[in-house]
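Structural features, examined
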There are 2 protein chains.
Amino acid sequence: MYTPPLGKLIQELERLPGIGPKSAQRLAFYILHMPEEEAKALAQAILEARSKIRPCKECFNYTEKEVCEICSDPRRDRSQICVVAEVSDLMAIERMGEYRGLYHVLGGVLSPADGIGPDELTISKLLERVERGGVEEVIIATPPTVEGDVTASYIADLIKPMGVKVTRIALGLPAGGDLDYADPTTILRALEGRREM
Amino acid sequence: MYTPPLGKLIQELERLPGIGPKSAQRLAFYILHMPEEEAKALAQAILEARSKIRPCKECFNYTEKEVCEICSDPRRDRSQICVVAEVSDLMAIERMGEYRGLYHVLGGVLSPADGIGPDELTISKLLERVERGGVEEVIIATPPTVEGDVTASYIADLIKPMGVKVTRIALGLPAGGDLDYADPTTILRALEGRREM
């Protein structure tokens, strides 16, 4: 139905997450109508991102340099490391604008079913960073899922013996959340995490 | 917040329709994790589509050749031309698989407010095709909007004097549609278009 280069473009766009056949066609038609230089800029941005971006050798955030902008920022508090599963989680915390410590991106969570053990994550590198000294608190911000919780416990068990405080982000009702719509686990966690007023 | 090549990629992806900042970030992260050859294939598909695809010189469908696959297919019925606003409308009709005539893509609809007059569309080329002879019916399938209706009337007024039958696709309730949820205009059109059973 499509002329081959159009069919190919639609097929490549369909590989992207959340892009079904209909959206892929819409995007492809849009790309055909974009100014020439914008279409070239998009293709170029894909190639450049792939060739220039690499993991920070300290925290595994994305960077163009050896060490990322957060790790090399002298204003960041080096006594705190916030451990996240993915770079997107780091970005979510940065967007909030309140956290001033460093990060450590694990590259996922422990998931034996998917063949992801400790060696598939950047856990040993995190231990090295803590061993190097100067870290007072490791805040574990893996997601509140079974795998995220297991990963958090696994890391906590390795770091606590090193004499460093390990904390887990609070689990409870989201701001503006409705008790009536919350699942039982969330309510249980919210009750367990209750604080005196 | 993002390392420059990542920020650039997100910015380029955000130009695409229906892609907000959040989806652009998600797509960019996905592109960073894709196998190298898939990312290159995507960039290449964008560039190839732009360089190889052009409008069919007969009907303005997308094609790699002078004349598109539909226009050059000897099995298509050359006595019918279905006039559509965009290539995506042509694709929607082709997907149905019942129409065997030819098409004519206008490249939009008349919209004086947006500076789109007859000369911005491929109307004169449509008249040439009809003048060349062999066309028995021009089916106008512009969308059922004010602009689509005005465009349909404008084209009908030019073609009817040439002695060729001009029809407009039916407007009414969609299959499976609920009268209770239909807007008054749709109900009016459905009533006006009623047929004896």
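Data block above holds the structure.
About the criteria used
- Residues numbered from 1 in each chain as written.
- Chains lettered and ligands numbered in written order.
- Predicted model: local features only at pLDDT ≥ 70, side-chain atom pairs only at ≥ 80, totals over all residues.
- Heavy atoms only, no water.
- Buried < 20%, exposed > 50% of the residue type's maximum accessible area, 1.4 Å probe, protein only.
- Helix = DSSP H or I, 4+ residues; strand = E, 2+ residues; numbered from the N terminus.
- Pairing = 2+ DSSP bridges.
- Right-handed = clockwise from strand over helix to strand, strands pointing away.
- Axes fitted to C-alpha atoms, helices over the stretch in contact; angles between N-to-C directions.
- Contact = heavy atoms within 4.5 Å.

1. Thoughts on the pairing of strand β4 (residues 101–105) of chain B
All names here are of chain B. Of all the five residues making up β4, five are buried; the element is thus mostly covered by neighbouring parts of the structure. Where strand β3 (residues 77–84) and β4 come together, five bridges link them in parallel fashion. Among the inter-strand pairings, Asp-77 is bridged to a residue of β4, identified as Gly-101. For the segment spanning β3, helix α4 (residues 87–96) and β4, crossover handedness is right-handed.

2. Some words on the sheet that holds strand β4 (residues 101–105) of chain A
Residue and element names in this part refer to chain A. Read across the sheet, four strands follow the order β4-β3-β5-β6 without closing on themselves; strand pairing throughout is parallel. Strands at the two margins of the open sheet, each flanked by one partner only, are β4 and β6 (165–168). Each neighbouring strand pair of the sheet contributes to a mean axis angle of 25 degrees, computed without reference to strand direction. Pairing of strand β3 (residues 77–84) with strand β5 (residues 137–140) involves four bridges; the strand directions are parallel. Looking at the pairing, Gln-80 lines up with Glu-137 of β5. Against the sheet, helix α5 (residues 123–131) makes contact with β3, β4 and β5, and its axis sits at roughly 150 degrees relative to β4, the strand it touches most.

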